[in-house]
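Here is what each chain is made of, one letter per residue.
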2 protein chains.
Amino acid sequence: MNNTLNALLTPKSIVLVGASADINKLNGRPLHNLLRDGYAGRLYAVNPKYQDIAGIPCYPDLDSLPEIPELGVVAVAAERAIGVVAELGRRGVRIAIVFSSGFAEVGPEGRRLEQELVATARAHNIRICGPNNLGLINAFERMPLTFSQYADQPAAPGPVAFVTQSGAFGTAVATRARALGIGFGYFVSTGNEADITAVEVLDEILGDPRVTVTVVYLEGMRDGARLAAVADKALSLGKPLVVIKVGRFAAGKRAAISHTGSLAGEDAVFDGVIRQHGVIRAYDEVHALDLAAAFAACPVPPAGGIGLITMSGGAGVLMSDCAEELRLEVPVLSPHTQASLKSILPAFAATGNPVDVTAQGAVDMSVFGPTLNLVLADPNIGICIVWLQHMHRVADAMVSLFAQTRRDVAKPFIVCWLYAPEAAVAKLREAGVCVVEGTQRSIDAAAGLMEYGEARRRAIAGGRTGLPRGWQPAAAHSDKKSEVVPSIEAMGLLSAYGFGMVASRLAADPNQAAQSAEILGYPVAVKIESPDLPHKTEVGGVRLGLTSKEEVAAAASEVLAAARQHAPNAAIAGVLVQKMATPATEIVLGVRRDPSFGPVLMLGLGGVFIEVLKDVVFASAPVSEADAAFMLQRLRGRAILDGVRGRPGVDRASLTKAICALSQFALDHPEVAELDLNPVFAGPDGAVAVDWLMTRDSSR
Amino acid sequence: MNNTLNALLTPKSIVLVGASADINKLNGRPLHNLLRDGYAGRLYAVNPKYQDIAGIPCYPDLDSLPEIPELGVVAVAAERAIGVVAELGRRGVRIAIVFSSGFAEVGPEGRRLEQELVATARAHNIRICGPNNLGLINAFERMPLTFSQYADQPAAPGPVAFVTQSGAFGTAVATRARALGIGFGYFVSTGNEADITAVEVLDEILGDPRVTVTVVYLEGMRDGARLAAVADKALSLGKPLVVIKVGRFAAGKRAAISHTGSLAGEDAVFDGVIRQHGVIRAYDEVHALDLAAAFAACPVPPAGGIGLITMSGGAGVLMSDCAEELRLEVPVLSPHTQASLKSILPAFAATGNPVDVTAQGAVDMSVFGPTLNLVLADPNIGICIVWLQHMHRVADAMVSLFAQTRRDVAKPFIVCWLYAPEAAVAKLREAGVCVVEGTQRSIDAAAGLMEYGEARRRAIAGGRTGLPRGWQPAAAHSDKKSEVVPSIEAMGLLSAYGFGMVASRLAADPNQAAQSAEILGYPVAVKIESPDLPHKTEVGGVRLGLTSKEEVAAAASEVLAAARQHAPNAAIAGVLVQKMATPATEIVLGVRRDPSFGPVLMLGLGGVFIEVLKDVVFASAPVSEADAAFMLQRLRGRAILDGVRGRPGVDRASLTKAICALSQFALDHPEVAELDLNPVFAGPDGAVAVDWLMTRDSSR
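Caption draft 1: Here's a closer look at the nonpolar core. Grouped together as the largest cluster of nonpolar side chains are 187 residues, with contacts concentrated most on F402 and W417 of chain A together with F402 and W417 of chain B. Once residues lying within four places of it in the same chain are set aside, the contact partners of W417 of chain A are L388, Q389, H390, M391, A395, M398, A424, L428, V435, V436 and E437 of chain A. Ranked by size, the runner-up nonpolar core spans 96 residues in total, among them V502, V617 and C660 of chain A together with L641 of chain B.

So this is what it looks like as structure tokens:
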């Protein structure tokens with residue numbers, strides 16, 4: 001528990017500087033809301049215009065306050081806010097919410113003002129949430145400290161915490177959640193995040209035992225490495241973390257740059273790293289709230305596929321389609337389950353999966369109930385969806401049945417009821433049963449639960465449970481100058497980690513090159529070796545498939561001449577002579593220092609997969625073997641790993657080991673700025689890097 | 001107008017055979033519903049147990065009826081239904097709905113019964129809708145001739161017609177539609193489709209001027225070619241056709257086979273052909289109803305991208321993300337539009353696209369209204385989405401503004417209101433404004449409108465407007481024996497259509513092969529030519545890159561020997577000598593006779609694209625140049641057509657011409673059963689087929 005952050009979320013006393021008696025004003029509404037809901041802490045207002053506001057004592061200035069409040073709220077114009085923050089700090093208040101707008105969100109002038117705000121806060125030892133935010137709600141403590149329209153009605157507390165960088169979007173999501181009966185225990189708007197970030201707030205909230213699910217809406221990210229650490233913490237606590245993060249594509253990015261003060265990191269890195277750490281990503285607010293409701297209601301699914309129970313054969317096929325598109329397994333039920341189902345269902349009912357109970361079976365609870373229990377009990381099944389059409393005539397019986405199953409069975413199930421009576425939905429929610437309207441949406445929710453279950457198992461396999469690793473700020477490499485590491489040195493560094501590298505020797509001249517080739521054996525490749533010519537092919541610096549020392553010597557002469565011609569001033573170390581590796585499936589591996597996430601690994605498939613389809617995945621170091629296997633599984637072209645066109649398959653075990661070795665290397669060698677292994681030839685006997693480019697900070 | 005089908009949808013008189021007085025029974029509800037809603041036609045019941053049912057005269061048998069009704073309804077057990085159908089036919093009734101279940105849906109015995117039902121109906125000159133269906137509703141005529149629970153309340157007529165193969169699914173969709181205020185003018189359940197299909201019903205309904213949008217739910221398809229013709233008709237009438245079709249993947253298919261009597265065609269063919277013909281495919285019922293509502297409310301968008309207006313920068317980025325994922329263009333607004341926006345919006349508002357009016361601009365209608373009009377007027381914009389968060393305080397002003405814009409502006413816009421007041425939604429729907437809750441859903445709806453607009457323009461470009469082509473049943477080729485067409489003959493057939501084929505000559509022996517090579521020029525390839533060895537590589541029957549007559553003669557000897565060794569009984573015509581073509585981008589083209597759609601063309605990219613990613617698209621012949629361009633655009637790996645890895649781009653114009661030539665060839669040569677052109681080398685100078693395999697019906 002962080003005492004300062006705790007004072008933001010659960011303050012025992014609050015002062016509102018610039019509070020108004022007009023509840024239609026944004027500086028009037030928070031006080032009104034706090035009084036309406038019966039906040040139990042001590043409240044003070046500061047405004048020379050009033051003596052009291054609705055019974056709350058109002059002081060002319062901070063010095064007149066009878067105590068030092070735990071939390072300050074600044075509700076004055078931007079130009080005055082900095083002075084108020086300084087004053088709060090001087091008086092010993094350690095944290096403040098700054099509602100004031102007119103900072104980074106309005107352009108360069110505002111950005112300068114925001115920098116001054118941050119500097120002032122630091123100088124006065126006070127943390128800041130905001131500026132330009134809506135405040136927060138701690139519904140457990142009846143504390144609607146916000147002017148968001150969401151607080152126009154009291155918030156019923158629930159196990160979901162919601163942290164949002166956008167006030168407008170957050171308000172819309174929260175009001176929608178309320179309409180769906182999803183209780184937000186916390187609603188926190190972090191605004192411009194001049195100081196405190198959504199991730200930091202999340203970290204603090206995870207410590208509250210009343211919260212079991214967290215949802216965060218992000219527009220930009222500074223502290224990716226901390227997000228990864230917080231995600232690990234959430235995973236080890238068994239509290240699912242759902243993220244909506246905008247800026248998935250370039251067009252989105254264009255808007256993000258013009259909108260927020262922080263530059264969104266490359267989305268592929270973000271996406272890869274958060275999934276590695278068990279974060280479930282939502283594509284929009286509907287998806288996020290479906291996931292929140294599902295996580296709040298359902299146990300974590302064990303390993304296994306999805307069981308589909310319908311009363312309409314077509315709906316079963318439709319659900320299978322949606323599941324297949326998301327690559328969820330719809331396994332055939334075990335012979336035992338099928339035999340049991342056949343003994344209770346009509347003769348023409350489908351029992352394989354999807355299970356179609358038929359219209360007849362759907363209205364008979366003595367058939368329907370056992371069906372759900374049998375499918376949930378199947379060892380191949382991790383989660384079920386029960387698809388219902390209209391069913392108003394048996395709605396009460398359905399509700400009882402589902403509530404009973406929820407109590408009796410540890411595996412999760414989702415009720416996809418296309419048009420349910422409102423009362424039935426309310427009763428089901430009360431009984432902790434997850435209800436989703438819409439076929440695709442129910443599959444999306446189940447997919448999130450399954451992904452989370454897999455992440456938990458991966459974390460256990462990778463040893464990422466128990467206490468999470470501490471968070472270390474990522475080292476920023478962007479402004480450092482880097483230099484190319486000589487190929488033989490890079491080979492030595494990587495070989496020490498057991499990474500397979502094609503046998504290579506440096507030769508100063510054609511004569512030495514020929515000698516090297518004789519030692520290596522034929523065929524060989526000859527490549528120019530120069531720190532100034534990292535892209536060898538472009539300067540005519542590569543010759544492949546040489547089969548005699550004469551060919552090698554000639555090739556060496558030629559590439560040296562070509563390099564000198566292309567780049568007369570380049571420092572040339574000689575040529576690299578490499579034994580030709582047997583062609584195999586081309587893999588691309590890489591390491592980069594992400595400004596937000598620190599050392600990240602890239603995995604891709606070579607050729608058109610990377611060049612045309614951008615088929616790459618990222619993860620942050622350390623990468624466990626389970627993480628590496630997950631990376632392979634996420635490649636769109638992964639089928640190629642099993643061998644195509646008569647080419648043998650790739651040994652996945654040795655490939656995952658190679659990825660882990662690279663991860664360890666990246667952690668042990670922070671001076672290495674970038675590393676490309678392109679291509680790596682992977683086959684049934686292992687993986688070997690054929691070409692590589694390593695750079696390191698020249699400042700080290 | 002088809003008189004028989006017209007009697008199904010708009011009968012002036014109906015007889016219900018097996019009608020019951022008990023409205024809780026499925027044979028009692030239709031009569032009850034018809035009386036409740038005030039159906040104006042003449043109604044008769046047949047049941048020896050009653051004299052009348054609720055005032056409707058009830059007769060002991062059909063012979064006692066005072067007239068020959070236009071439509072019969074059979075509500076008796078399966079074993080009696082066949083006799084009733086025969087009797088109706090004998091009495092001169094030309095069409096009947098058969099509610100009875102216990103036919104193909106219950107297994108082999110039921111299938112035999114259904115065959116008997118069809119044979120009986122044919123023999124007695126009566127058409128059948130069903131069996132195992134729920135009946136239909138013609139809401140315009142207050143005719144709820146169904147026992148579906150959807151008819152438990154009267155159906156308010158509207159411009160959307162809905163035809164469904166599944167009763168349970170259809171009922172759920174219809175009740176949901178009613179809750180959303182979407183009026184179904186027709187609701188038709190076609191059940192097992194022993195005779196009349198959903199597509200045939202659709203064809204008839206399209207003639208009703210009160211219907212402007214059609215939605216169909218399909219589980220299986222017999223009459224694909226007719227669906228394509230009906231889609232053309234719908235497109236030329238400007239009535240969008242939305243399809244939910246289950247069985248997109250193998251797992252789905254498994255369920256479909258066990259569920260319906262008809263085998264779903266290969267989904268890739270279905271998907272390609274319907275999109276070619278302007279059908280909009282929905283992924284589930286939520287999507288289908290969003291599309292129906294959007295088509296009912298919105299004009300067809302002109303060419304152009306999507307304009308996004310928000311009050312939250314993040315929401316704009318989120319929408320851009322969703323749009324980008326669907327490959328919708330989010331164009332930067334014109335300088336003129338941007339300048340106009342800057343003059344009315346706050347200084348820090350984003351004006352590029354997405355347009356962020358900011359919280360301040362969102363509550364000021366004198367800002368918000370002109371913004372929407374300016375963006376809609378931009379020449380780069382075809383459609384707009386206005387994203388609103390809570391906005392309850394200015395809801396009435398918003399409603400007036402949108403209603404006004406709907407009246408004034410011909411371009412479509414969708415209001416994505418995350419949490420709208422119910423009254424506001426009702427008023428907007430009344431004013432013909434499309435409202436969708438949910439960010440992704442609003443983008444999905446806009447994408448459907450844009451896809452439809454493009455299909456209309458493609459149809460105009462391809463001459464597929466005006467009166468649609470008539471429908472011809474597809475010739476079934478599945479049970480015919482086919483033979484391989486000699487390569488040189490196939491080359492001649494295709495060359496006649498202007499299709500580029502690599503120069504090839506047939507040689508009977510090694511000596512002739514060498515002579516052929518001398519004529520063709522080097523390098524050449526030598527391939528075994530035998531109708532019994534269509535897969536030449538597998539038998540060692542291919543040699544490439546031969547550069548002298550000696551090499552050619554030796555290669556010819558070798559492939560002939562290899563072929564004789566592999567297949568001693570194969571008829572061998574000799575070897576094919578082919579000039580080697582310059583390697584270029586590999587394309588795969590093909591023709592097949594689809595049992596449902598008739599002649600269809602396949603287009604794919606070679607190598608891993610087709611083998612690993614199954615990246616192929618289909619269209620049915622005739623394929624216009626606009627259709628061919630659309631096929632190219634739908635390839636996932638289409639970026640490769642623009643050139644990668646230093647390879648030049650492909651001339652798309654000559655490739656589209658080649659596809660059209662193949663389409664014409666397929667139409668002119670119905671005896672050709674299958675044709676593979678794999679690979680076709682496509683480059684900046686055109687496309688040339690390097691290898692091909694053609695088969696034809698040996699019975700011709």
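Caption draft 2: Region of interest: the relation of the copies chain B and chain A. Mapping chain B onto chain A calls for a rotation angle of 180 degrees and an axial translation of 0.0 Å; the resulting RMSD is 0.1 Å. Accordingly, the operation relating the two chain copies is best matched by a two-fold axis. In terms of proximity to the rotation axis, the leading residue of chain B is V608 of chain B, whose C-alpha is 4.1 Å off the axis.

Caption draft 3: Up close: the pattern of salt bridges. Residue and element names in this part refer to chain A. Applying the stated criterion to the full structure yields 56 salt bridges over all chains. Put simply, D37 and R36 hold a salt bridge, and the shortest N to O gap is 2.7 Å. Its salt-bridge partner being R127, residue E200 comes within 2.9 Å of it at the nearest N-O pair. With E200 in helix α6 (residues 198–205) and R127 in strand β7 (residues 127–129), this pair connects stretches of sequence that are 73 residues apart. Linked through salt bridges whose partners overlap, the residues forming this network are K245, D267, D271, R275, R281, E451 and R634.

Caption draft 4: Up close: the pairing of strand β2 (residues 42–46) of chain B. All names here are of chain B. Counting buried positions over the 5 residues of β2 gives 4, a clear majority of the element. Regarding the hand of the β-α-β motif, the stretch spanning strand β1 (residues 13–17), helix α2 (residues 29–37) and β2 is right-handed. Two elements, β2 and strand β4 (residues 56–59), share 2 bridges in a ladder whose sense is parallel. Residue pairing across strands places V46 opposite Y59, the latter belonging to β4.

Caption draft 5: Main features of the interface of chain B and chain A. Counting from both sides, the interface comprises 77 residues of chain B and, opposite them, 77 residues of chain A. Summing both sides of the interface, chain B and chain A together bury roughly 6200 Å²; the carbon and sulfur share of this comes to 61%. Across the chain B-chain A interface, the total number found is 2 salt bridges. Residue R393 of chain B pairs with D152 of chain A through a salt bridge whose shortest N-O separation is 2.7 Å. Viewed at the interface, chain A and chain B are joined by 14 residue pairs in polar contact (both at pLDDT 80 or more). Contributing elements (two or more residues each) for the side of chain B that touches chain A: α5 (167–179), β13 (241–245), α8 (250–259), α10 (285–297), α11 (313–325), α17 (439–461) and α21 (608–611) of chain B. Here the side of chain B that touches chain A gets 10 residues from one element, more than from any other, and that element is α11 of chain B.

Caption draft 6: Quick look at the side chain of S189 of chain A. Relative to the helices and strands, S189 of chain A is located in strand β11 (residues 184–189). The residues contacting S189 of chain A, other than those within four sequence positions of it, are C129, N133, L134, G135, T164 and G167 of chain A.

Caption draft 7: Up close: the packing of aromatic side chains. Taken as a whole, this structure holds 28 aromatic pairs over all chains when the rule is applied. Ring geometry for F162 of chain A against F187 of chain A: centres 6.1 Å apart, planes inclined by 50 degrees, an arrangement best described as tilted. With F162 of chain A in strand β10 (residues 160–164) and F187 of chain A in strand β11, the pair connects residues that are 25 residues apart, well separated along the chain. With relative accessibility at 0%, the residue F162 of chain A sits in the buried group. With a centroid separation of 6.0 Å and an interplanar angle of 40 degrees, the aromatic rings of F402 of chain B and F413 of chain B are classed as tilted. With F402 of chain B in helix α15 (residues 395–408) and F413 of chain B in strand β18 (residues 413–417), this residue pair connects regions lying 11 residues apart in the sequence. Neither F402 of chain B nor F413 of chain B differs from the other in exposure class; each is buried. Each member of the aromatic cluster is reached from another via a ring pair, and the members are Y150, F162, F184 and F187 of chain A. Positioned over the ring face of F270 of chain B is K245 of chain B, at 5.0 Å from the centre of the ring. Between R458 of chain B and the ring centre of F630 of chain B, over which it is positioned, the NZ or CZ distance is 3.5 Å.

Caption draft 8: Structural view of the sheet that holds β11 of chain A. Residues and elements named next belong to chain A. Pairing is mixed across the open sheet formed by 7 strands, whose spatial order is β9-β8-β11-β10-β12-β13-β14. Of all strands in the sheet, those bounded by a partner on one side alone are β9 (143–146) and β14 (280–281). Here β10 pairs with β11 via 5 bridges, running parallel. Residue T164 lies in a different strand from β11, and its bridge partner there is S189.

Procedures and definitions
Residues numbered from 1 in each chain as written. Chains lettered and ligands numbered in written order. Predicted model: local features only at pLDDT ≥ 70, side-chain atom pairs only at ≥ 80, totals over all residues. Heavy atoms only, no water. Core = buried A, V, L, I, M, F, W, Y, C linked by side-chain atoms within 4.5 Å. Buried < 20%, exposed > 50% of the residue type's maximum accessible area, 1.4 Å probe, protein only. Contact = heavy atoms within 4.5 Å. Least-squares fit on C-alpha atoms with pLDDT ≥ 70 in both. Salt bridge = Lys/Arg side-chain N within 4 Å of Asp/Glu carboxyl O. Helix = DSSP H or I, 4+ residues; strand = E, 2+ residues; numbered from the N terminus. Right-handed = clockwise from strand over helix to strand, strands pointing away. Pairing = 2+ DSSP bridges. Buried area = accessible area lost by both parts, 1.4 Å probe. Polar contact = N/O pair within 3.5 Å; in protein donor to acceptor, adjacent residues only side chain to side chain. Phe/Tyr/Trp six-rings, centres within 6.5 Å; stacked < 30°, edge-to-face > 60°. Lys NZ or Arg CZ within 6 Å of the ring centre and 35° of its normal.

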